[in-house]
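# Commentary on secondary and tertiary structure
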Amino acid sequence: MIFPIFLTFSLLISLSFANTVSNYCVGDLSLPSGPAGYSCKDPAKVTVDDFVYSGLRVAANTTNLFKFGGNNAFTAQFPGLNGMGLSIVRVDMEVGGYFPIHTHRVPELFTLVEGTIVAGFIDSFNTPFYKTLNKGDIMIFPPTLIHFAINVGSTPVLAYATFSSENPGVQLIDTALFRNNMPSDLVQKITLLDPAQVTKLKNLFGGTN
Ligand SMILES: *[C@@H]1O[C@H](CO)[C@@H](O)[C@H](O)[C@H]1NC(C)=O
């Protein structure tokens, strides 16, 4: 007799916890975000659509120098991710396209769905790790290490990159160096490139100075 009563009590207690502690915090994009993410949207206004995002049905725009595009599902696009510590990017690469060398502060699990690529990273001992990946292969890129992917096949590439953060802080090396107004002589010093190369790359990427 005591045991069923105890069970009933624990059930009541767990139900009341379920009612007061939320397992989600849909981001309220109308308020500013901080390092911990966005404030929670009013739970009374949350619907199933806050937990579904259809933006990745669409191929990313690949009209650029690299013939690659990424459709991001970060909190800004998919507020249901707020506080979940996860995000995903749809990656498209045309034939002859490549995902230029870049970095981010969290690990990335890369899943190749269509096509053939050479993918790799360079570790902090300057050792390169790269390999040809085929449809269905996955690869892990450790946090912060620079990495890349090149479409070496004769068909477009579709892949998904998942991150253990809803805001992984992606930084492309080329655009970081050449798409801003940092003076060319500084860029030249820190890269050892010739002035003509710096000018060419700034023109290509839209940098000034
Ligand atoms: C794709 O990106 C290019 C270059 O930024 C732009 O000119 C073009 O309008 C974009 N296409 C679409 C469909 O958004």
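Scroll up for the structure.
Description of the structure in this document. (Residues numbered from 1 in each chain as written. Predicted model: local features only at pLDDT ≥ 70, side-chain atom pairs only at ≥ 80, totals over all residues. Heavy atoms only, no water.)

### Brief notes about the side chain of E108
With respect to the helices and strands, E108 occurs in strand β4 (residues 108-114). The buried charged residue E108 lacks any salt bridge, with R105 as its nearest oppositely charged partner at 13 Å. A polar side-chain atom of E108 sits 2.8 Å from a polar atom in the side chain of H104. (Helix = DSSP H or I, 4+ residues; strand = E, 2+ residues; numbered from the N terminus. Buried < 20%, exposed > 50% of the residue type's maximum accessible area, 1.4 Å probe, protein only. Lys, Arg positive; Asp, Glu negative; His and termini not counted. Salt bridge = Lys/Arg side-chain N within 4 Å of Asp/Glu carboxyl O. Polar contact = N/O pair within 3.5 Å; in protein donor to acceptor, adjacent residues only side chain to side chain.)

### Here we look at the pairing of strand β7 (residues 138-141)
Burial of β7 is one-sided: the residues M139 and F141 facing one way are buried, the residues I138 and I140 facing the other way are not. Pairing geometry for β4 and β7, over four bridges, is antiparallel. If you follow L109 over to β7, its bridge partner there is I140. (Pairing = 2+ DSSP bridges.)

### Comments concerning the environment of Q77
Within the secondary structure, Q77 is located in the loop between β1 (68-73) and β2 (87-93). On the accessibility criterion, Q77 (32% relative accessible area) is partly exposed. Taking the C-alpha atoms as reference points, Q77 and Y53, 24 residues apart in sequence, are found 8.1 Å from one another. With residues up to four places along the chain from it excluded, the contact list for Q77 reads Y53 and N72. A polar contact is formed between the side chain of Q77 and the backbone nitrogen of F74, at a distance of 2.8 Å. (Contact = heavy atoms within 4.5 Å.)

### Some points on the pairing of strand β6 (residues 128-134)
Judged from the seven bridges that link them, strand β5 (residues 116-122) and β6 form a sheet pairing that is antiparallel. Along β6, the bridge assignment pairs T116 with N134. Between the end of β5 and the start of β6, which pair antiparallel, lie five residues, with N126 showing a positive phi angle near 70°.

### Considerations on the sheet that holds strand β10 (residues 171-172)
One open sheet accounts for five strands, arranged β6-β5-β8-β3-β10; its pairing is antiparallel. If you trace the sheet from one side to the other, it starts and ends with β6 and β10, each paired once. As defined by bridge partners, strand β3 (residues 98-103) adjoins β10 across two bridges and the pair is classed as antiparallel. In the sheet register, H102 faces β10, and the bridge partner there is L172.

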